[in-house]
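Coordinate inspection notes
Single-letter residue listing:
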Amino acid sequence: MREKRRSRSVSIHFERVSVFVFLGLLTFTNALAQVSNNNIHQRAQLFIDDAATISTTDKSTVEWACINKKLTEKCLIYHNDQWFTFTSATSGRLYLNVGNQQCKKKFGVQVLLIEGNPCETNTYRLLHCESFTDQNDTFIALDSIVAQKTYLINIDGFLGDVCSFNIQIATKPKGFPMRSLSLYTLDVTVKQEQQLVHLNWRIEKHASSRQEHFEIFRQKRNDYKATLITTVQLQANAQGKMLDQYFYTDTLISAGQYQYSIVGITEQAPFREVLNRVSVNFRQVNDMLNSRIVAKVPLNFKRRSDVDLLIMNDLTGEVLFKRTCIACVNQVIDIDLSREVASGIKHFRIELNHIKSKTQASHEYHLSPSGELIRKSD
């Protein structure tokens, strides 16, 4: 009997030890999965112009005792933050570069810059706060950095997103600016011919002396990151004067809506600026044939009569086809131009001839970059 009790006691003790060992291993495994700078007192040191540090918000937790919620409640909510720090030897402007974001929910990270003593929340002074970024490589300009002063950086996944990313403090920016002061300052025109997209832009002569080159990025709708597709260098004519007209032609492969960003690279700060963004919509021929593109043609005639309609290519004057509206008066009719658009025609003129009164009229239409047929106002 004693042997059975002793055996049972040993068994219970072994089970308890097993549970403790399992919990210990689980805690150890979770600790290994967390980044060390999950804790502010183990914050990662960033050095100016050093190689980017790779980190992740996975398994990160919030150290609430070291958070001043009231200071940041208007711009972010904490979920899975971590800490970094840096000190600059000189005063001036630096750049916080965040790149190579890989996020499960595709939201991105949110960024906080604080001046103050670690975990002494009453000393915190908020210098910069971004509620979130997309997953493009992005930089934040940090103005008026004071030499030998220590700064804290808090990175958190937007809406709890789990993100891996690169972070760097540098004297030069990388990627898109978080806020662009020069957006839409560049005169850009876009012309689309099926899958060909022609971008043309003009640079002001007084700006050409500062400009080094342009970068063109393309981003498809619902994609979370833009792709650098080309670099366009500034050029000079035979007399050595800088040219002010530039162009680039891109070829689209798959249907969809695309946004092009033209980024200017300059010698002086802020170095990189998004100068303009334009959008185009590419629908492949099969898609166009399966969707109707219709011209709404007003017949503003008071007397009932047959009306002849002549549908023409407005650029070449070629007659595409004819239609007749029988006994029509003061109404709007639909003319299907789907096949003509699919063949590459984008500009139309429809001429009307009211048989009884001999009255004539015409209307002009063009296909917008988004694929909408628009009638020119009379």
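Residues numbered from 1 in each chain as written. Predicted model: local features only at pLDDT ≥ 70, side-chain atom pairs only at ≥ 80, totals over all residues. Heavy atoms only, no water.

If you look at the biggest cluster of nonpolar residues, it comprises 22 residues, and the most contacted ones within it are Val297, Leu299, Leu309 and Ile335. Of all the secondary-structure elements, those providing two or more residues to this core are β18 (294-299), β19 (305-313), β20 (319-328), β21 (331-336), β22 (347-354) and β23 (360-367). With near-sequence residues (within four places) excluded, Val297 lies in contact with Leu309, Gln331, Val332, Ile333, Ile335, Ile350, Leu352, His363 and Tyr365. Counting residues in each nonpolar core, the second largest holds 20 residues, with Phe84, Leu113, Leu142 and Phe165 among its members. (Core = buried A, V, L, I, M, F, W, Y, C linked by side-chain atoms within 4.5 Å. Buried < 20%, exposed > 50% of the residue type's maximum accessible area, 1.4 Å probe, protein only. Helix = DSSP H or I, 4+ residues; strand = E, 2+ residues; numbered from the N terminus. Contact = heavy atoms within 4.5 Å.)

Turning our eyes to something else, we now look at the confidence of the model for the chain. Per-residue confidence for the chain gives a mean pLDDT of 84; residues scoring 70 or more make up 85%. Under a pLDDT of 50 for its full length, residues 10-15 has, in the predicted model, 0 contacts with residues more than four places off or in other chains. A low-confidence stretch, residues 17-32 stays under pLDDT 50, and its non-local contacts, those more than four residues away or across chains, total 0 contacts. (pLDDT = per-residue confidence, 0-100.)

Bringing the state of the cysteines into the picture now. On inspection of all chains with the given rule, the structure shows 4 disulfides. Disulfide pairing is shown between Cys103 and Cys163; the S-S distance is 2.2 Å. Measuring handedness by torsion sign, the sulfur bridge of Cys103 and Cys163 sits at about 120° and is right-handed. Here Cys163 lies in strand β9 (residues 163-170) and Cys103 lies in strand β4 (residues 92-103), a separation of 60 residues in the sequence. Cys163 carries the same exposure label as Cys103, and that label is buried. Disulfide partner of Cys325: Cys328, at an S-S distance of 1.5 Å. Looking down the S-S bond of the Cys325 and Cys328 bridge, the torsion is -75°, so its handedness is left-handed. The pair Cys325 / Cys328 is uniform in exposure class, with both members buried. (Disulfide = S-S within 2.5 Å.)

Let us now look at the sheet that holds strand β24 (residues 373-375). Here 5 strands make up an open sheet; going across it, the order is β20-β19-β22-β23-β24 and the pairing antiparallel. Strand pairing shows two members of the sheet lacking a second neighbour, β20 and β24, which therefore form its edges. Pairwise comparison of adjacent strand axes, ignoring direction, gives a mean angle of 25° for this sheet. As judged from the 3 bridges shared by β23 and β24, these two strands associate in the antiparallel manner. Residue pairing in the sheet places Leu367 in a bridge with Leu373 of β24. (Pairing = 2+ DSSP bridges. Axes fitted to C-alpha atoms, helices over the stretch in contact; angles between N-to-C directions.)

To describe a pair of aromatic rings, one takes the distance between the centres and the angle between the planes. This model, assessed by the stated rule, comprises 9 aromatic pairs. Between Phe107 and Phe158 the ring centres are 5.9 Å apart and the planes differ by 80°, which places this aromatic pair in the edge-to-face class. Here Phe107 is found in the loop between β4 and β5 (109-115), whereas its partner Phe158 is found in the loop between β8 (150-157) and β9, with 51 residues between them in sequence. Looking at Phe107, the relative accessible area reads 32%, which means it is partly exposed. These aromatic residues form a ring-pair network of at least three members: Trp201, Phe214 and Tyr246. (Phe/Tyr/Trp six-rings, centres within 6.5 Å; stacked < 30°, edge-to-face > 60°.)

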